[in-house]
Amino acid sequence: MLVVYVSPLLRKDVYLFLDRLSRIEGVQVGLISTAEGHRLPPQIGASIAAYWRVSDLLDPLELVWAARGLSQRLGPICRMFTEYELIQVSVAQARQELAIPGMSPSTMMNFRDKGVMKTRLAAAGVPCALHRTVETPEEARDFAAQVGYPLIVKPVAGVGAREIHQCNDQQELEEVLESDPPGQHNPLQLEEFVQGEEHSLDTISVNGKPVWHSITRYLPSPLEVLRNPWMQWRIITPREIDIPEYDDIRRVGEQALSALGMESNMSHTEWFRRPDGRSAVGEVGARPPGSRIFTALNWANDYDMYNAWIRLMTLNQFTPPGERKYAVGTAFLRGIGTGRVVAVHGLDAVLQDFGPLLVETDLPYLGQVRANHHDGEGYLMLRHRETRVVEQAILEIVSRVRVEIG
């Protein structure tokens, strides 16, 4: 049984996915990536049966060529998938050409094209921001005049918060339109700026039916962190996820997945709790969550989520974890300025004080180049049976640790 995994970034998560894939009885693993073959990390080499390098993972013809090459060596391909959102459509196109089971290109486009996504969600009655896909500056200005400021501008196939712009007035909108002019081949997605608490709803679906979920809260929102360099980001996955407070978003989340055509996969829904209590869906990704949320789910449940997702994608099987045992929080350590890390203040004392709660760390180091995203230069992940203990701990950590950039 040949399973082909496609990914450009051979980072730690990919090592773990490939390791779990290689442990399924009877499975041979083929890997397609853009990395030089001689530079494959040993952890990856130990998990795969064959490797095929391509120059462009967005080109489905290259993926078909690579997959056929792997198949000639190892036999028929049973599954082909990726965790990397940017290439999901091209992988689906290659699957379709090769008659490999999996979500179709049109279904994947529902999750990748923000304009298509919001149109389908609105048609299904899913609460979300007012929106419009624009191809001219005039269309953008017209939408702004109708909705007002602030508003959000982002690419229709973007990923995460780094490509998102918050425009608070006409001048800021004009600056975005000048730096990234919309056009037929570069449409932009404009949306009402939804204010409120930001969360994610992470769901496992089998044959289109949601069978397990988790909730994570962002403190503050990723976009707010990117706009304010002095802010330190925290996320918390509470122990209490089945309480009445989340009844509406569980219902809305299921409605959204149905509207977009979810089949068997994990989904990452970003949503807001408006000041008046109403929920609003931001975006839905057909993938495991990033920003260490996926890892946090391992610690919250004492459960191997990496193995669970791989078995779902390969065998269409999922065994839910038992009762949630812990709350998990992550304090991201983020420096201010440009350059490299020259000092880290307060870290040793924090490690000593919170040592019993720590389950995972990635510590900033001297000489490290400052990151350009909200995750910062490192993180501390903690867990405890009481959510309030974790929430207080990660707040204290970000208030005591300072990463100095120079």
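Right above here is the structure, for reference.
A. Summary view of the packing of aromatic side chains. For the coordinates displayed, the defined rule picks out 12 aromatic pairs. Seen in terms of ring centroids, Tyr246 and Trp271 are 6.3 Å apart; in terms of plane orientation they differ by 85 degrees. Their pairing is edge-to-face. Placement of Tyr246 in the loop between β11 (234-237) and α10 (247-260) and of Trp271 in strand β12 (residues 265-273) is noted, with a sequence separation of 25 residues between them. This pair shows no difference in class: Tyr246 is buried, exactly as Trp271 is. Its end group placed over the ring of Tyr326, Arg383 keeps NZ or CZ at 3.9 Å from the ring centre.

B. The nonpolar core, seen in detail. In this structure, Tyr5, Leu31 and Trp309 are the most contacted members of the largest nonpolar core, which totals 31 residues. Put simply, the parts of the chain that give this core at least two residues each are β1 (2-6), α1 (12-22), β2 (28-33), β9 (197-206), α11 (293-301) and α12 (305-315). Looking at this core, the element that brings in the most residues is α12, giving seven residues. With near-sequence residues (within four places) excluded, Leu31 lies in contact with Tyr5, Leu10, Leu18, Leu40, Ile44, Ile48, Ala50, Tyr51, Trp52 and Leu70. Core analysis: the second largest hydrophobic core is formed by 24 residues, Phe111, Leu121, Val252 and Val281 among them.

C. Here's a closer look at the sheet that holds strand β5 (residues 131-134). The strand order across the open sheet formed by four strands is β5-β8-β6-β7, and the pairing between neighbours is antiparallel. Each edge of the open sheet carries a strand with a single partner, namely β5 and β7 (165-167). Between one strand axis and the next, the sheet turns through 25 degrees on average, direction left out of account. In the packing of helix α7 (residues 137-147) onto the sheet, contacts are made with β5, β6 (151-155) and β8 (188-192), and the angle to β5 comes to roughly 165 degrees.

D. Representation of the packing of α1 against α12 in the model. α12 packs onto α1 with a crossing angle of 60 degrees between their chain directions and a minimal axis gap of 9 Å. The orientation of α1 with respect to α12, classified from their angle, is oblique. For the crossing formed where α1 meets α12, the hand is right-handed. Only Tyr306, Asn307, Trp309, Ile310 and Thr314 of α12 make contact with α1, whose side of the interface consists of Asp13, Leu16, Phe17, Arg20 and Leu21. By residue class, the composition of the contact of α1 with α12 is six nonpolar, two polar and two charged.

E. Spotlight on helix α3 (residues 60-74). For α3, with 15 residues, the first-to-last C-alpha span of 21 Å sits near the 21 Å given by 1.5 Å per residue. By the burial criterion, the buried members of α3 are Glu62, Leu63, Val64, Ala66, Ala67, Gly69 and Leu70. Contacts from the buried residues of α3 go to β1, β2, β3 (50-53), β4 (77-81) and α4 (88-98). For α3, the capping residue at the N-terminal end is Asp59, with a side-chain oxygen 2.9 Å from the backbone nitrogen of Leu61.

F. Quick peek at the sheet that holds β3. The four strands are arranged β3-β2-β1-β4 in an open sheet whose pairing can be described as parallel. Both edges of this open sheet fall to β3 and β4, since each of them pairs with a single strand only. Averaged over all neighbouring strand pairs, the angle between strand axes comes to 20 degrees, with direction disregarded. Relative to β4, β1 is paired through four bridges, and the arrangement is parallel. The partner of Leu2 across the bridge, within β4, is Ile77. The sheet strands contacting α3 are β1, β2, β3 and β4, and the helix crosses β3 at an angle near 155 degrees.

G. How the structure looks around the packing of α7 against helix α8 (residues 170-179). At their nearest, the axes of α7 and α8 sit 11 Å apart, and the two run at 155 degrees to each other. When the axes of α7 and α8 are compared, the pair comes out roughly antiparallel. The interaxial crossing formed by α7 with α8 has right-handed handedness. When α7 is examined against α8, the residues Pro137, Ala140, Arg141 and Ala144 are found in contact with a partner set consisting of Gln170, Leu173, Glu174 and Leu177.

H. Seen up close, unusual backbone geometry. Across the junction of Tyr149 and Pro150, the peptide omega takes the value -5 degrees, indicating a cis bond. Residue Leu219 is joined to Pro220 through a cis peptide bond whose omega torsion reads -15 degrees. Tracing the sequence through the fold places Pro220 in the loop between β10 (209-219) and α9 (222-227). The phi torsion at Asn207 lies on the positive side, around 55 degrees, for a residue other than glycine. Assignment of secondary structure puts Asn207 in the loop between β9 and β10.

I. Region of the structure containing the pattern of salt bridges. Inspection of the entire model under this criterion finds 26 salt bridges. Of the charged contacts, one joins Arg287 and Glu85 as a salt bridge, the two residues approaching to 2.5 Å between their closest N and O atoms. Remark: Glu85 occurs in the loop between β4 and α4 and Arg287 occurs in the loop between β13 (279-285) and α11; sequence separation between them is 202 residues. For the pair Arg287 and Glu85, one class covers both residues: buried. A salt bridge links Arg400 to Glu396; the shortest N-O distance between them is 2.8 Å.

J. Molecular detail of the side chain of Glu377. The residue Glu377 is located in the loop between β16 (358-362) and β17 (378-384) in this model. Buried charge without a partner: Glu377 forms no salt bridge, and the closest opposite charge is Arg370, 5.0 Å away. For Glu377, the side chain forms a polar contact with the main-chain nitrogen of Gly335, separated by 2.7 Å. In this structure Glu377 touches Leu333, Arg334, Gly335, Val341, Asp362, Leu363, Pro364, Gln368, Arg370, Ala371 and Val403, once residues within four positions along its chain are discounted.

Each value, and the rule that gives it
Residues numbered from 1 in each chain as written. Predicted model: local features only at pLDDT ≥ 70, side-chain atom pairs only at ≥ 80, totals over all residues. Heavy atoms only, no water. Phe/Tyr/Trp six-rings, centres within 6.5 Å; stacked < 30°, edge-to-face > 60°. Helix = DSSP H or I, 4+ residues; strand = E, 2+ residues; numbered from the N terminus. Buried < 20%, exposed > 50% of the residue type's maximum accessible area, 1.4 Å probe, protein only. Lys NZ or Arg CZ within 6 Å of the ring centre and 35° of its normal. Core = buried A, V, L, I, M, F, W, Y, C linked by side-chain atoms within 4.5 Å. Contact = heavy atoms within 4.5 Å. Pairing = 2+ DSSP bridges. Axes fitted to C-alpha atoms, helices over the stretch in contact; angles between N-to-C directions. Parallel < 35°, antiparallel > 145°, perpendicular 65-115°, else oblique. Left-handed = near helix turned anticlockwise from the far one by under 90°. Nonpolar A, V, L, I, M, F, W, Y, C, P; charged D, E, K, R; others polar. Expected span 1.5 Å × (residues − 1). Polar contact = N/O pair within 3.5 Å; in protein donor to acceptor, adjacent residues only side chain to side chain. Salt bridge = Lys/Arg side-chain N within 4 Å of Asp/Glu carboxyl O. Lys, Arg positive; Asp, Glu negative; His and termini not counted.

Nothing here speaks to function; it is all geometry.
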